[in-house]
Amino acid sequence: MSGGERASEDDRTSSGDQKSICPFCGVGCGVRYSEDTGKAVGWRAPVNQRGELCPKGVAAYDVVDHDERLTRPLVRGEDGELVASSWDEALNRVESGVRRISEAHGEEALAFFASSGCTNEENYLLQKLARALGTNNVDNCARLCHSSTVAAMSDRFGTGAMTNTIRDLPEADALLVAGANPAEQHPIIFSSYVAPAVKQGATLIHIDPRENATTRHADHHLALRPGYDIPLLNAMCKVLVEEGLVDDEFVEARVEGFDEFEDWLAGIAIDSAAEKAGVEESALRSAARAYGEADRSAAFTGMGMSQHRCGTANVHALLNLALLGGNVGKRGAGVNPLRGKNNVQGAGDVGALPDVLPGYRAVTDAEAREEVADEWGFEPPAEPGLTEVEMTHRFGDEIRGAYVVGENIAATEPNANRVARELDDLDLLVVQDIFPTETVRHADVVLPASSWAEKAGTVTNTDRQVQRMRPATAPPGEARRDLDIICELGARLTDAGGFEDRAPSEVFAEMTRINPLYAGMSYEGIGEGSQRWPFPEDADSGVEILHRETFGDGSKRATLEPVEDVDPADEVGEDQLVLTTGRILSHFNSGAVTRRSGILTRLRSDDALQIHPDDAAERNVEEGDVVVVENDRGRVEATADVTPAVRPGTAFLTFHFAEPLVNRLTGDELDPVAKIPEYKHSAVSVRVSGTGESDDES
Ligand code: SF4
């Protein structure tokens, strides 16, 4: 990015400087462009208080002026190829397509994919557009990562977000990390907060089928079988009860249903639960003791917990443990989901979800709809819409048109071969993005959009802090800012007001009027700091520790709830392995951005299949062999990394690559509550490439 491309006065920021927020993970580090180095540097923002950045943050500007940026609108021509068009032609194509579908099939035949990589204002206006058109079919990729966590925490605690803050967690005496690898996935939380706490004596308990960078700092590692968190966590609860480690005072004051729960636990045998979870009973007991004996135990939960058909139940089991230990409503404790993208928390907060309006008020709540209607001038539909994966399952059927903003659904949805076929069944696919992603290849209209470095607006990080992004440059060529594109489409497609050319600050002000979580916040108040929800009038910058006196729904007590075991959907054949997936330090999500970064791909491009030496030997697989990984949904090839870091019977691939595209292997089974797919447990066969009958069929 050159200095000559610096943003003009028209950048719509009030301060005009370029302090922004890292576009990658939900930690929300402050980042700005350095003319000296041509790279990103950190500034002393609310989270990275010393200006520290991880390698992804340092590479944040690396792809902004990449050769592959989409710089002109594209439309699919009669010969089936995407060709450059004017903005007018592209938007006319969208407008006529949406009208045709609405008239022929009704508004419910339209689907809107918002993005947790977009700002609050962009997501807010997109969900408003969907609702103005008459459908609640709007969702974002939070559905795929932590919808189950949010569902369980909202149900039990009344609030589906981190109970604590990144800054108070170092006060923990024990840190329990379940199904996450923050050393690689949330590096600044780990290096600046968790690792120093561990160095000063906090005990780190890591629950993960795989040994990774986080495990290397752990005192206890429970390498469970993927999909068996429930028996493991139930058994840990039983250890607390059996060994007198329950916080009786807390349970007496804040918990309902202890006696019933204790009776139910009596039916759980710790030895057989440990065996089912695939861990040693003694290791489970000592990890449970470490959690229960600590004065303050903080739990972190990640996608290893949430991305299962029983993801909601998994988190319920973790909440039981936190309640028994009295680890709610105090510093250095709590249950803390580590959110993925930089605005995954905000995309949900502002209503880019099919069943709730901004502020998580149900679309079925007539009073909430009326209040929203007072601001919007129209009432949103009362019937909940479809979730993200449900929408893809109905492509070409009930769903005839989709508008995808900043998501790469061809790579990120489960059962990717099926999704690729069904994307082509749509009458209209509009993709708004910055690169020719795997999804763009299926599009009828492509709208070239803005990278994070070209936009202003707000994002909400994993510990509920709303911060401001500021542009350092203008979009390249004819690309436009996402908010401007959504505004123009809104003005063309609906008579509802509020879609005229609007600045992010105006949209933010509108949000604060109808989103109770953001009420009282202001663009100026955030400034170069943050404002955290909930944001009561008497709070300086928002409430840090949730549930101190009461839970989110106003009740004083939360209930302990028995959680029964749920087996994974895929049955694992005798010759098969369980494939699980995850992130690595140098890449992010579908890799559409990080794969194009020279800095990050030079650092590490780890697309290998991790397989245990015993499993490799059984299959004559040697280090570096190209192996075929397949099941009845699809097939990929990868290089074998033979390592004891994965437990026997389990293999691991990252999900950052188009090849190998791991989601060709993942299944459609959904959690019944949150509708999150079971990404973390797929039965697969593994063999050396060239040794199977199906090799010619690929
Ligand atoms: Fe960006 Fe996350 Fe790294 Fe911070 S920890 S620099 S937010 S990727």
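Residues numbered from 1 in each chain as written. Predicted model: local features only at pLDDT ≥ 70, side-chain atom pairs only at ≥ 80, totals over all residues. Heavy atoms only, no water.

On to the overall build of the protein chain. Helix and strand counts for the protein chain stand at 24 helices and 28 strands. By the compact-globule yardstick of 26 Å for 698 residues, the protein chain fits well, its C-alpha radius of gyration being 24 Å. Once the C-alpha set of the protein chain is aligned to its principal axes, its extents read approximately 70 × 70 × 55 Å. Taken across its 698 residues, the protein chain has 65% of its residues classed as buried. One finds the centroid of the 67 positive side-chain charges in the protein chain at a distance of 4 Å from the centroid of its 121 negative side-chain charges. (Helix = DSSP H or I, 4+ residues; strand = E, 2+ residues; numbered from the N terminus. Rg over C-alpha atoms; globule rule 2.2 N^0.38 Å. Buried < 20%, exposed > 50% of the residue type's maximum accessible area, 1.4 Å probe, protein only. Lys, Arg positive; Asp, Glu negative; His and termini not counted. Charge placed at Lys NZ, Arg CZ, Asp CG, Glu CD.)

Attention shifts here to empty space enclosed by the protein. Which parts of space are left empty comes out when a probe the size of a water molecule is rolled across the atoms. Enumeration according to the criterion identifies six cavities of 30 Å³ or more in this entry. Quantified by volume, the second largest cavity comes out at close to 270 Å³. Considering the residues around the second largest cavity, the lining is formed by 28 residues, among which Gly 179, Asp 208, Gly 304, Thr 581 and Lys 680 are closest to the centre. Secondary-structure elements contributing two or more residues to the lining of the second largest cavity are helix 13 (303–306) and strand 23 (577–582). The biggest single contributor to the lining of the second largest cavity is strand 23, with three residues. Taken together, the residues that form the lining of the second largest cavity break down as seven nonpolar, 14 polar and seven charged. (1 Å grid on protein atoms, 1.4 Å probe; cavity = no way out; pocket = protein on both sides within 12 Å on 5 of 7 lines; lining within 4 Å. Points joined across faces, edges and corners; volume = space filled by probe spheres on them. Nonpolar A, V, L, I, M, F, W, Y, C, P; charged D, E, K, R; others polar.)

Attention now goes to the sheet that holds strand 2 (residues 30–33). Pairing is antiparallel in the open sheet, where three strands are placed in the order 1-2-3. Two strands bound the open sheet, and with one partner strand each, they are strand 1 (20–21) and strand 3 (40–42). Note: strand 1 against strand 2, two bridges, orientation antiparallel. Within strand 2, the position partnered with Ser 20 by the bridge is Val 31. (Pairing = 2+ DSSP bridges.)

Residues in close proximity to the ligand include Cys 22, Phe 24, Cys 25, Val 27, Gly 28, Cys 29, Leu 53, Cys 54, Lys 56, Gly 57, Pro 187 and Ile 188, which together make up its full environment. Going through the elements one at a time, helix 1 (55–58) and helix 7 (187–199) are the ones with two or more residues in the shell around the ligand. Here the residues of the shell around the ligand are counted per class, giving nine nonpolar, two polar and one charged. (Near = heavy atom within 4 Å.)

Turning our attention to the confidence of the model for the protein chain. Looking at the protein chain, the pLDDT average stands at 92 and 93% of residues meet or exceed 70. pLDDT under 50 marks residues 2–16. Its contacts with residues more than four places away, or in other chains, come to 30 contacts. (pLDDT = per-residue confidence, 0-100. Contact = heavy atoms within 4.5 Å.)

Take the packing of helix 8 (residues 229–242) against helix 12 (residues 281–293) next. It is the contact of helix 8 with helix 12, at a shortest axis distance of 9 Å, that shows an interaxial angle of 65 degrees. The chirality of how helix 8 crosses helix 12 is right-handed. Contact residues: helix 8 offers Leu 232, Ala 235, Met 236, Val 239, Leu 240 and Glu 242, while helix 12 offers Leu 284, Arg 285, Ala 287, Ala 288, Tyr 291 and Gly 292. Of the residues belonging to the contact of helix 8 with helix 12, the class tally is nine nonpolar, one polar and two charged. (Axes fitted to C-alpha atoms, helices over the stretch in contact; angles between N-to-C directions. Left-handed = near helix turned anticlockwise from the far one by under 90°.)

Further remarks concern the sheet that holds strand 17 (residues 428–433). The strand order across the open sheet built from seven strands is 5-4-18-17-16-6-7, with neighbouring strands paired in mixed fashion. Each edge of the open sheet is held by one strand with a lone partner, namely strand 5 (82–84) and strand 7 (138–139).

Examined against the element boundaries, Pro 534 turns out to sit in the loop between strand 21 (531–532) and strand 22 (558–559). Here the alpha-carbon distance between Pro 534 and Met 521, two residues 13 residues apart in the chain, equals 9.9 Å. Once residues within four sequence positions are removed from consideration, Pro 534 is found in contact with Arg 464, Leu 517, Gly 542, Val 543 and Leu 546.

A few words on helix 5 (residues 147–157). Buried residues dominate helix 5, accounting for eight of its 11 residues. Inspection of helix 5 places Ser 147, Ser 148, Thr 149, Val 150, Ala 152, Met 153, Arg 156 and Phe 157 among the buried residues, and these make up the whole buried set. Looking at the buried side of helix 5, the elements it contacts are helix 4 (142–145), strand 12 (297–301), helix 13, helix 14 (311–324), strand 13 (335–337) and strand 22. Among the residues trailing helix 5, Gly 158 stands out with phi positive, at a value near 80 degrees.

Here we come to the side chain of Ser 115. Topologically, Ser 115 is positioned in the loop between strand 6 (110–113) and helix 3 (120–133). Ser 115 gets classed as buried once you look at its relative accessible area, which sits at 2%. Polar contacts involving the side chain of Ser 115 include one to the side chain of Glu 407, which spans 3.1 Å. Excluding residues that lie within four positions of it along the chain, Ser 115 makes contacts with Asn 123, Asn 140, Lys 341, Ala 347, Val 405, Gly 406 and Glu 407. (Polar contact = N/O pair within 3.5 Å; in protein donor to acceptor, adjacent residues only side chain to side chain.)

Of the two faces of strand 18 (residues 445–448), the one lined by Val 445 and Leu 447 and the one lined by Val 446 and Pro 448 are each fully buried. Note that strand 4 (residues 74–76) and strand 18 share two bridges and pair antiparallel. The partner of Leu 74 across the bridge, within strand 18, is Val 446. Of the pairings in the sheet, the one linking strand 17 to strand 18 comprises four bridges and is parallel in character.

Let us look at helix 8. Compared with an ideal rise of 1.5 Å per residue, which puts 14 residues at 20 Å, helix 8 spans 20 Å between its outermost C-alpha atoms and is within 8% of the ideal. Most of helix 8 is tucked away, with 12 of its 14 residues classed as buried. Those residues of helix 8 that fall on the buried side of the exposure criterion are Asp 229, Ile 230, Pro 231, Leu 232, Leu 233, Asn 234, Ala 235, Met 236, Cys 237, Lys 238, Val 239 and Leu 240. In the segment just after helix 8, Gly 244 is the residue with positive phi, at about 65 degrees. (Expected span 1.5 Å × (residues − 1).)

For a regular strand, side chains alternate in direction, first toward one face of the sheet and then toward the other. Going residue by residue along strand 6, you find Leu 110 and Phe 112 tucked away on one face and Ala 111 and Phe 113 tucked away on the opposite face as well. Examined bridge by bridge, strand 6 and strand 7 share two bridges and lie parallel to one another. Each residue of the ladder has a partner; that of Phe 112, found in strand 7, is Val 138. Regarding the hand of the β-α-β motif, the stretch spanning strand 6, helix 3 and strand 7 is right-handed. (Right-handed = clockwise from strand over helix to strand, strands pointing away.)

Okay, a negative patch on the surface next. Residues Glu 256, Asp 259, Glu 260, Glu 262 and Asp 263 make up a contiguous surface patch of negative charge. Ranked by the residues each element gives to the negative patch, the list is headed by helix 10 (residues 258–265), at four residues. Checked against the element boundaries, Glu 260 lands in helix 10. For Glu 260, a relative accessible area of 55% corresponds to the exposed category. (Patch = residues over 30% accessible without salt bridge, like charges linked within 9 Å, V, L, I, M, F, W, Y side chains within 5 Å. Areas by Shrake-Rupley, 256 points an atom, 1.4 Å probe, with all protein chains shown as cover. Salt bridge = Lys/Arg side-chain N within 4 Å of Asp/Glu carboxyl O.)

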